[in-house]
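Structural characterization, general
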Number of protein chains: 2
Amino acid sequence: VLSYDGGAYHGWQRQENAVTIQQVLEEKIGLMTGEKIRLIASGRTDAGVHALNQVCNFQTRSRIEPDSLRRGLNSLISGDIHVKTAETVPLDFHSRYDARSKVYEYRILNRAEPELFLRHYTWHVRHPLDREVMDGCLAELYGTHDFSAFRSSGSSNRNPVRRMIRADIQGPENGLLVFRFEADGFLRHMVRNVVGTVVETGMEKRGLQEFREILHSRDRCRAGIKAPPQGLFLVEVKY
Amino acid sequence: VLSYDGGAYHGWQRQENAVTIQQVLEEKIGLMTGEKIRLIASGRTDAGVHALNQVCNFQTRSRIEPDSLRRGLNSLISGDIHVKTAETVPLDFHSRYDARSKVYEYRILNRAEPELFLRHYTWHVRHPLDREVMDGCLAELYGTHDFSAFRSSGSSNRNPVRRMIRADIQGPENGLLVFRFEADGFLRHMVRNVVGTVVETGMEKRGLQEFREILHSRDRCRAGIKAPPQGLFLVEVKY
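An account of the accompanying structure is given in this report. None of the values given here were measured: they were computed from a predicted structure. Along each chain, residues carry numbers from 1 onward, in the same order as the chain's sequence is written. Key to labels: chains lettered from A, ligands numbered from 1, both in the order written. Where local features are concerned, this predicted model is filtered to residues with pLDDT of at least 70; where side-chain atom pairs are given and counted, the filter is 80 or more; whole-chain, interface and lining totals use all residues. The side-chain figures draw on all heavy atoms in the structure; neither hydrogens nor water molecules are used.

A short note on the nonpolar core
- Definition of nonpolar core: a set of buried residues of the types Ala, Val, Leu, Ile, Met, Phe, Trp, Tyr and Cys, connected through side-chain atoms within 4.5 Å. To sort residues, take the accessible area from a 1.4 Å probe on protein chains only and compare it with the maximum for the residue type: under 20% means buried, over 50% means exposed, and anything in between is partly exposed. Formed by 59 residues in total, the largest nonpolar core has its most connected members in Leu141, Phe150, Phe179, Phe181 and Val195 of chain B.
- Top element by residues in this core is helix H4 (residues 190-202) of chain B. It accounts for six residues.
- With residues up to four places along the chain from it excluded, the contact list for Phe179 of chain B reads Tyr104, Glu105, Tyr106, Ile108, Met134, Leu138, Asp168, Ile169, Val195 and Val198 of chain B.
- Formed by 58 residues, the second largest nonpolar core is a distinct cluster that contains Leu2, Val49, Ile214 and Leu234 of chain A. We count a stretch as a helix when DSSP gives it H or I for four or more residues in a row; a strand needs E for two or more, and each element gets its number in order from the N terminus. Should any heavy atoms of two residues lie within 4.5 Å, those residues are considered in contact.

Now the structure itself:
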């Protein structure tokens, strides 16, 4: 279980010519075990997205105690990735396939004045937002839907049906609104596309009825803007 | 009035071969006014120290409206410095000499687990701290004292007597302790030396009586460690 500040990374997934969280961790675990390691995470996070409790697993023949691995890794990696806990799991455990649900938060600073110390961890929205309309949008998301309208343009053709278990807003506290989503899974960019569209609706660029139509249209060309990555946190993965 | 994240800067004061906040601001104001600008701040902050409301002033013959200057500067400087307000003041106003008191906060995360997202803005102290003893230390600081015991070794021989108006601790909230100090002025490194010494006392490395003796000794060799810069915030300057 690990947390990371996504600001300095090109997301979770290993790729050519870019520093990713997966790559850094695989390299350092490899240094400790002497093996070539392949990490499986509960899911990718995109460039700039943060995690409070990402879950990943790997197989090893090493006899290093999990807690020694945790401490060793934390001394080898830079401070923007932190291994919170490590434990031995059954050989057939799979961080992604075994996840029952995931919780994401999206943080918005909704006030005229920016806040310097939140700039890497919130989306600053100056325009006043209609809370009642936004609550109404989120209520529409509960239950099982084809979320194609909110998937990213480049995403693969896997099953776009997901079950939304929770979608609500906490706050505001000093202008900070925290959107919280729990679902049995999320499509690529789904949270950011939902948040961007809900915020536009809250600015009265559209009505609740139009939001409802977008969701049911399954047409990704109808949705609003994609909220920027720095407000998004993977909070928890449930098994 | 400006806020800044001190993490990327070698403090406030202009110096050779290092990027400082004063230098960045003087350069950008100079670009806007076409003059060579000399900024006067309420006081220096050291490398890595943050400000929520630093105050500075300068003289200019430019006719730029203060609010245009503010907006222009915010578009010219990077996101880790933010000009919050700008206004015209009497020609004899002096940010440093006219300050009646200053408020500093020092933030400590006091729990076993680190918190990744606070790492640049707190001092992480794992060892449990005796709150009652620390409150006792801070109570000693109230009033007028010669604070030489807590000044930095390299500081000049200006008058070391200051009047402490407030010194207390808020929290803990999720392990976060916020030390707050208000005084008519602070010696160089005074807050960090006080906090380091109070924390050591709170770890029961010494007793309250010894803390009292250190304060009255005026001997900077007797004080404890200097707390690291990233927990320190200049909160307010009162005029």
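Observations regarding the interface of chain B and chain A
- Across the contact, 18 residues belong to chain B and 18 residues belong to chain A.
- Here the buried area means the combined drop in accessible surface, using a 1.4 Å probe, for two parts upon being joined, counting both sides. Buried area between chain B and chain A, both sides added, is near 1,300 Å², and the carbon and sulfur share of it is 64%.
- Interface area lost by chain B to chain A is led by Leu116, Phe117 and Arg119 of chain B, which between them contribute 43%.
- Salt bridges are counted wherever a side-chain nitrogen of Lys or Arg sits within 4 Å of a carboxyl oxygen of Asp or Glu. The interface formed by chain B and chain A holds two salt bridges in total.
- Contacts described as polar in this section are N or O atom pairs within 3.5 Å, which, within protein, must combine one atom able to donate a hydrogen with one able to accept it, while residues neighboring in sequence count only if both atoms come from side chains. Connecting chain B to chain A are two residue pairs in polar contact (both at pLDDT 80 or more).

Thoughts on the state of the cysteines
- By convention in this document, the label disulfide applies to cysteine sulfur atom pairs within 2.5 Å. By the definition in use, this model includes zero disulfides over all chains.
- There is no disulfide at Cys137 of chain B, and the cysteine sulfur nearest it, in Cys221 of chain B, is 20 Å away.

A look at the packing of aromatic side chains
- Working definition: rings of Phe, Tyr and Trp (its six-membered ring) pair if their centres are within 6.5 Å, and the pair is stacked with planes under 30 degrees apart, edge-to-face with planes over 60 apart, and tilted otherwise. The full count for this structure, using the stated rule, is 14 aromatic pairs over all chains.
- Between the aromatic rings of Tyr104 of chain B and Phe186 of chain B, the centroid separation amounts to 5.0 Å while the plane-to-plane angle is 85 degrees, which identifies the pairing as edge-to-face. A residue pair is termed long-range when its members are at least 10 positions apart, and Tyr104 of chain B in strand S6 (residues 101-109) and Phe186 of chain B in the loop between strand S10 (176-183) and H4 qualify at 82 residues.
- Owing to a relative accessible area of 7%, Tyr104 of chain B belongs among the buried residues under this scheme.
- Its guanidinium or amino end placed over the ring of Phe233 of chain A, Arg107 of chain A lies 4.0 Å from that ring's centre, counting from NZ or CZ. Charge over a ring is defined by NZ of Lys or CZ of Arg lying within 6 Å of the ring centre and within 35 degrees of the ring normal.

Observations concerning the layout of surface pockets
- As defined here, a cavity is a set of points on a 1 Å grid over the protein atoms alone where a 1.4 Å probe fits but cannot get out. A pocket is an open set with protein on both sides within 12 Å along at least five of seven lines, and residues line them when an atom is within 4 Å of a point. Grid points are joined across faces, edges and corners, and a volume is the space filled by probe spheres set on the points. Here the largest pocket is characterised by a volume of approximately 1,700 Å³.
- Lining the largest pocket are 39 residues; nearest its centre among them are Arg107, Leu118 and Leu176 of chain A together with Leu118 and Leu176 of chain B.
- Looking at the lining of the largest pocket, the elements with two or more residues in it are strand S6 (101-109), strand S9 (161-173) and strand S10 (176-183) of chain A together with S6, strand S9 (161-173) and S10 of chain B.

Concerning the pairing of strand S11 (residues 232-238) of chain B
All names here are of chain B.
- Most of S11 sits out of view: five of its seven residues are buried.
- Two strands qualify as a pair provided that DSSP identifies no fewer than 2 bridges between them. Pairing analysis gives two bridges linking strand S3 (residues 50-54) to S11, with the strands arranged parallel. Bridge pairing in S11 places His50 opposite Phe233.
- Pairing of S6 with S11 involves six bridges; the strand directions are antiparallel. Residue pairing for S11: Val103 is matched across the bridge by Glu236.

Remember, this is a structural readout, not a statement about activity or role.
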